[in-house]
Amino acid sequence: MTSFFNETPFVFPFKKNEVKRWVKRVAQSEGKEVGNINYIFCDDEYLHKINVEYLQHDTLTDIITFDYSEGKVLHSDIYISVERVKENANIFKVPFQRELLRVLAHGLLHLCGYKDKTPEDSALMRNKEEEKMNLFTVV
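Named according to an unreviewed UniProt entry, the protein is Endoribonuclease YbeY originating from Capnocytophaga ochracea. UniProt, in its Function (unreviewed entry) section for the protein, records the words "Single strand-specific metallo-endoribonuclease involved in late-stage 70S ribosome quality control and in maturation of the 3' terminus of the 16S rRNA." Turning to the protein, the UniProt annotation filed under Subcellular location (unreviewed entry) states: "Cytoplasm".

This is the structure we're talking about:
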């Protein structure tokens, strides 16, 4: 089951049921199943505290994915900084909704085993993000 929570005021720009179906399609396209996936929308300050406390990274980020998956069943808390997504949308000159969808896909791809620490892994991640975004027929 996919759930959505806010730690900061935020109006989710998609129909939640459509995103839930998309999350299931993304998981299935990678041979996985959806267990409990929680998307938590927050601000930079909230996510920065998590980054420092749990990952010992003193930096801003757009997403942190905590993976609790068991085998092929995906379980996770995925924290997304709405502020970071807005800023990145401006930097990359894309609509906010498109950048948010990319970040939603990014978290799912981490759960499916994709990394982004090396240039090669990052390139594969970007290609996979585009592939999975294309599964979302509303955008």
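Once you've had a look at it, read on.
Trainee: Honestly, the sheet that holds strand β3 (residues 63–67) in this entry has me stumped. Any pointers?
Mentor: Whether parallel or antiparallel, the strands of a sheet pair through hydrogen bonds between backbone atoms. A sheet is described by the order of its strands in space; here 4 strands give the open sequence β1-β2-β4-β3, paired in mixed fashion. One side of each edge strand has no neighbouring strand; the edge strands of this open sheet are β1 (2–6) and β3. Within this sheet the neighbouring strands show an average axis-to-axis angle of 15 degrees, counted without direction. The pairing of strand β2 (residues 33–42) with strand β4 (residues 73–81) spans 8 bridges and is classified as parallel. Bridge pairing in β4 places Asn38 opposite Asp77. In this fold helix α1 (residues 16–29) packs onto β1, β2 and β4, with an angle of close to 130 degrees to the strand it touches most, β2. Against the sheet, helix α3 (residues 82–92) engages β2 and β4, with an angle of about 70 degrees to β4.

Trainee: Got a minute to help me understand the packing of aromatic side chains in this structure?
Mentor: To describe a pair of aromatic rings, one takes the distance between the centres and the angle between the planes. All chains considered together, the criterion is met by 13 aromatic pairs. With centroids separated by 5.9 Å and ring planes inclined at 10 degrees, the aromatic side chains of Phe4 and Tyr39 adopt a geometry described as stacked. Taken together, the residues span a long stretch of sequence, with Phe4 in strand β1 and Tyr39 in strand β2 at a distance of 35 residues. Given a relative accessible area of 0%, Tyr39 falls into the buried group. Residues Phe66 and Tyr79 carry aromatic rings whose centres are separated by 6.0 Å and whose planes lie at 90 degrees to one another, so their mutual orientation is edge-to-face. Note that Phe66 is positioned in strand β3 and Tyr79 in strand β4, a separation of 13 residues in sequence. Across this residue pair, the class does not change: Phe66 and Tyr79 are buried.

Rules and cut-offs
- Residues numbered from 1 in each chain as written.
- Predicted model: local features only at pLDDT ≥ 70, side-chain atom pairs only at ≥ 80, totals over all residues.
- Heavy atoms only, no water.
- UniProt positions renumbered as here; feature names shortened; annotations may be inferred.
- Pairing = 2+ DSSP bridges.
- Helix = DSSP H or I, 4+ residues; strand = E, 2+ residues; numbered from the N terminus.
- Axes fitted to C-alpha atoms, helices over the stretch in contact; angles between N-to-C directions.
- Contact = heavy atoms within 4.5 Å.
- Phe/Tyr/Trp six-rings, centres within 6.5 Å; stacked < 30°, edge-to-face > 60°.
- Buried < 20%, exposed > 50% of the residue type's maximum accessible area, 1.4 Å probe, protein only.

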